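Letter by letter, the chains look like this.
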Amino acid sequence: TMASGFDQQARDAIPAEVYMISGSHDSQTSADVFNVNSFQLPDPAGKAGGACTSALLQVLHDNHNNPGDQLTWVSVLRRMRDVLNRMGYDQVPQLTSSRMIDVHQPMHIVPPAATGSRRAILIGINYIGQQGELSGCHNDVKNIAKYLEQYQGFQTKDMLILMDDGQHHNPTRTNLENSFERINQYSQPGDVVFFHYSGHGGRIPDDNGDEDDGYDETLIPVDFQRAGQIRDDDILKNLVRPLAAGVTMTCLMDCCHSGTVMDLPYRFTADGDVMERNDGVSFDRLMGNPEALLGLALLLPLFDEPPSVDFRKKAKACDKRER
């Protein structure tokens, strides 16, 4: 059948199970919340956070306080929408994925069958000193990291954190792309990945005709004025497609225009009832070999240590503060 053929193409194109929660449709914008305390987070790390991140954390924390209440993808997104609406935001959270799933089944960051390592890439960009400076993105990362450690069994040594705070790896385009490569190098079947991005997202004219609206959605690194933006096509090609079968990755994208920023083949929104196919996906384009992000000589210094070594370690030469 056409549906099963589409599903098989999706499995061939994206071997891993990938689930992305985003705070808005592509035509919507995300919002910077200036007081996460109004979301009633338990001991929030700071006084500002992204609306989508804060809403998801409130839903998850509420669930842990009521363990008999089994969260499904439907209930997660609808409760997020309700939290956002109460705060005065009209964002409609949505889920895109690499698989057609029953969204009324339980939602797991760490599936029961996942017996391997748990790693996270957490990116928070406040664009300090730049026009359009945000205030909540560092706190988003700190709150997510605390949640993953406290409730999901992640360890600090297995979290790669990129923030423009002078203390962590700087979230430049090169470092973001290297983090994509790094997580693929390390992840094995049975492993779990959590990817979180809090910062600006954008739209730029589509360069290959694969977007219905004529635009590619983008992530905006701290050095975007010099290095450019990261297109959704490149995120798919360099982060999503190379993940091994048997890996489960959950992504939280708290940025503008984030609805399809990973170009995944299935979509469900909080104001819908079932997951639908994204018929705009071009599997012919997807099935091309993922291109290397950087020359092999540049990558070797990042990945020559054995996987048992601290996941966060990184060659100093590749982590200069770039502005």
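About the cut-offs
Residues numbered from 1 in each chain as written. Predicted model: local features only at pLDDT ≥ 70, side-chain atom pairs only at ≥ 80, totals over all residues. Heavy atoms only, no water. Core = buried A, V, L, I, M, F, W, Y, C linked by side-chain atoms within 4.5 Å. Buried < 20%, exposed > 50% of the residue type's maximum accessible area, 1.4 Å probe, protein only. Contact = heavy atoms within 4.5 Å. Helix = DSSP H or I, 4+ residues; strand = E, 2+ residues; numbered from the N terminus. Expected span 1.5 Å × (residues − 1). Pairing = 2+ DSSP bridges. Axes fitted to C-alpha atoms, helices over the stretch in contact; angles between N-to-C directions. pLDDT = per-residue confidence, 0-100.

Quick word on the nonpolar core
Next, step 1: Counting residues in each nonpolar core, the largest one holds 81 residues, and the members touching the most others are L122, F195 and Y197.
Next, step 2: Here Y197 is in contact with I123, I125, Y127, L176, L219, I220, L252, M253, D254 and C255, once residues within four sequence places are set aside.

Comments concerning helix 5 (residues 173-186)
Next, step 1: Over its 14 residues, helix 5 extends 20 Å from the first C-alpha to the last, a length consistent with the 20 Å expected when each residue adds 1.5 Å.
Next, step 2: Those residues of helix 5 that sit buried are R173, N175, L176, E177, N178, S179, F180, R182, I183, N184 and Y186.

Observations regarding helix 4 (residues 137-152)
Next, step 1: An ideal rise of 1.5 Å per residue puts 22 Å on 16 residues; helix 4 measures up with 21 Å between its terminal C-alpha atoms.
Next, step 2: Taken together, the buried positions of helix 4 are C137, H138, N139, D140, V141, N143, I144, A145, Y147, L148 and Q152.
Next, step 3: Backbone geometry just after helix 4 places G153 at a positive phi near 75°.

Here's the deal with the sheet that holds strand 10 (residues 230-231)
Next, step 1: If you walk across this open sheet you meet the 3 strands as 8-9-10, and the pairing is antiparallel. Edge strands, defined here as strands with exactly one partner in the open sheet, are strand 8 (201-205) and strand 10.
Next, step 2: When strand 8 meets strand 9 (residues 215-219), the two strands line up antiparallel, connected through 5 bridges. Its bridge partner lying in strand 9, I204 is registered against D216.

As for the sheet that holds strand 11 (residues 248-254)
Next, step 1: Spatially, 8 strands are ordered 6-5-7-11-1-4-12-13 in an open sheet, and the strand pairing comes out mixed. Bordering the open sheet on either side are strand 6 (159-163) and strand 13 (276-277), each of which pairs with just one other strand.
Next, step 2: One ladder, built from 2 bridges, connects strand 12 (residues 266-269) with strand 13; its direction is antiparallel. Across the sheet, the residue bridging to Y266 is R277, located in strand 13.
Next, step 3: Sheet strands touched by helix 2 (residues 51-65): strand 1 (17-22), strand 7 (192-198) and strand 11. Its angle to strand 11, the strand with the most contacts, is close to 130°.
Next, step 4: Most of the contacts of helix 4 go to strand 5 (residues 118-124), to which it runs at about 165°, and overall it touches strand 5, strand 6, strand 7 and strand 11.

What about the confidence of the model for the protein?
Next, step 1: The predicted model of the protein has a mean per-residue pLDDT of 79, with 74% of residues at 70 or higher.
Next, step 2: With pLDDT under 50 throughout, residues 25-48 is counted as low confidence; its partners more than four residues away or in other chains account for 78 contacts.
Next, step 3: Note on residues 289-309: pLDDT is under 50 here. Beyond four places in sequence and across chains, it has 29 contacts.

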